[in-house]
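Architecture and fold: a report
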Amino acid sequence: MRKGTAWVLLATGLGLAFIITISGALRAQGVGDEDDNIPFHLNGHVWRSKKAFIESGARCATRHVDEVEAEEVEKARRKAANGRGASGGQTSSDVYDLAASGSPTPINVYFHVINKGSGISNGDVPDSQINAQVNVLIDAYLGSGFTFNFSLVTGVDRTTNATWYTAGPGSQAEAQMKAALRKGSEMDLNIYTNNPGGGLLGWATFPWNYSNNPTNDGVVILYSSLPGGSAAPYNLGDTATHEVGHWLGLYHTFQGGCSKSGDYVSDTPAERSPAYGCPTGRNTCKQTGIDPIQNFMDYSDDDCMYEFTGGQAARMQSMWTTYRQ
């Protein structure tokens, strides 16, 4: 082999090693979680990639809570906790103090199916999928040893209304739908299924919003995100799990990015941006640990998410006693 050829091969090898090293580092930071050149299809819509879908806001339309509002909510939560003689902190040990008084908190679920006609393709989901969805909630919030238990109230109501079927967040149609159908008090969970369009999976209200607008309280989810639906990879029922987390007072795990306050839960590592797919080992805020991509409050695929933390459980219970009890 000629000397010049040998140097070319060596340089090529070093360059390839450098590219592989950089590629690995980027993946660890959440860059290139999936192939961003592959179009992503969901519910009849196409994005240039799953990253583009996430950035569009369609994964969750629950409104963003800014730092000023978040701090006011924290003050109210801590004040209420201190008034009960409970800890106002954020650590995972708080859940044991808050749950020690007795059995899990029961939550009645009122399920409202909005469709544009008969059949699953028109949003008229069967009782089997509704029951499966409630079981997913039970597994997530009680099956893991946490403190909430969901019970479907007898008599799922079904409404054929083309306008409500495509109702989006903040729309007049949403307001009309909820005004006509919502049941119960601040302690009852109302879930609406419809097809809001734009590939949107769902949204929810926060517990501190109930007093100002009780009729609006609840969760809306894409009908095909129920277990067994067609909205793969978001069809195992964890869109509802995620949105109910907001309804119980949780933020996204990437709330606040790498800032100190983050999502106001001390045992969820900070995360610079939402995850998508299932990027194991992703680490976007190196000082706090590996990103919580398996957490229900991230944006990972349904089959990647399987946990809440003890701190999240404590926060949900604290929010419940502050705003919903």
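Presented here is a report on the structure given in the accompanying data block. What you are looking at is a predicted structure, and each value in this text was computed from that prediction instead of being measured.

Time to look at the pairing of strand β6 (residues 189–194). Across the six residues of β6, six count as buried, placing the element largely inside the fold. Both faces of β6 are covered, namely the face carrying L189, I191 and T193 and the face carrying N190, Y192 and N194. The sheet contact formed by strand β3 (residues 105–115) and β6 spans five bridges and is parallel. If you follow F111 over to β6, its bridge partner there is I191.

Attention shifts here to the nonpolar core. Within the largest apolar cluster, 58 residues are counted, with the highest numbers of intra-cluster contacts made by F53, Y141, F150, L189, L248 and F308. In contact with F53, not counting residues within four places along its chain, are F40, L42, W47, A58, R59, G199, L201 and Y234. Among the nonpolar cores identified, the runner-up in size contains eight residues, and V65, A70, Y251 and Y264 belong to it.

Let us look at the packing of aromatic side chains. Going through the model one piece at a time under the given rule, you end up with 17 aromatic pairs. Relative to Y234, the ring of F40 has its centre 6.3 Å away and its plane inclined at 80°; by these criteria the two rings are edge-to-face. Residue F40 is located in strand β1 (residues 40–42), and its partner Y234 is located in the loop between β8 (219–222) and α8 (238–247); the two are separated by 194 residues in the primary sequence. No difference in accessibility class separates F40 from Y234, as the two residues are buried. Ring geometry for F206 versus W208: centroids 4.7 Å apart, planes at 5°, classification stacked. Under the relative-accessibility criterion, W208 is labelled buried at 10%. Put simply, the rings of F206, W208, Y251, Y264 and Y323 pair up and form one aromatic cluster. Directly above the aromatic system of W247 lies the positively charged group of R324, at a separation of 3.8 Å from the ring centroid.

Here we come to the pattern of salt bridges. Within this structure, the stated rule accounts for 14 salt bridges. A salt bridge links K183 to D157; the nearest nitrogen and oxygen atoms lie 3.7 Å apart. Note that K183 is positioned in the loop between α7 (172–181) and β6 and D157 in strand β5 (residues 157–160), a separation of 26 residues in sequence. Here the residues in one salt-bridge network are E74, R77, R78 and R315, joined through shared partners.

One way to put it is that helix α3 (residues 67–83) packs onto helix α9 (residues 310–324) with a least axis distance of 9 Å and a crossing angle of 80°. It follows that α3 is roughly perpendicular to α9 by the angle criterion. Of α9, the residues touching α3 (which contributes V73, E74, A76, R77 and A80) are R315, S318, M319, T322 and Y323. Of the residues belonging to the contact of α3 with α9, the class tally is five nonpolar, two polar and three charged.

What counts as what
Residues numbered from 1 in each chain as written. Predicted model: local features only at pLDDT ≥ 70, side-chain atom pairs only at ≥ 80, totals over all residues. Heavy atoms only, no water. Buried < 20%, exposed > 50% of the residue type's maximum accessible area, 1.4 Å probe, protein only. Helix = DSSP H or I, 4+ residues; strand = E, 2+ residues; numbered from the N terminus. Pairing = 2+ DSSP bridges. Core = buried A, V, L, I, M, F, W, Y, C linked by side-chain atoms within 4.5 Å. Contact = heavy atoms within 4.5 Å. Phe/Tyr/Trp six-rings, centres within 6.5 Å; stacked < 30°, edge-to-face > 60°. Lys NZ or Arg CZ within 6 Å of the ring centre and 35° of its normal. Salt bridge = Lys/Arg side-chain N within 4 Å of Asp/Glu carboxyl O. Axes fitted to C-alpha atoms, helices over the stretch in contact; angles between N-to-C directions. Parallel < 35°, antiparallel > 145°, perpendicular 65-115°, else oblique. Nonpolar A, V, L, I, M, F, W, Y, C, P; charged D, E, K, R; others polar.

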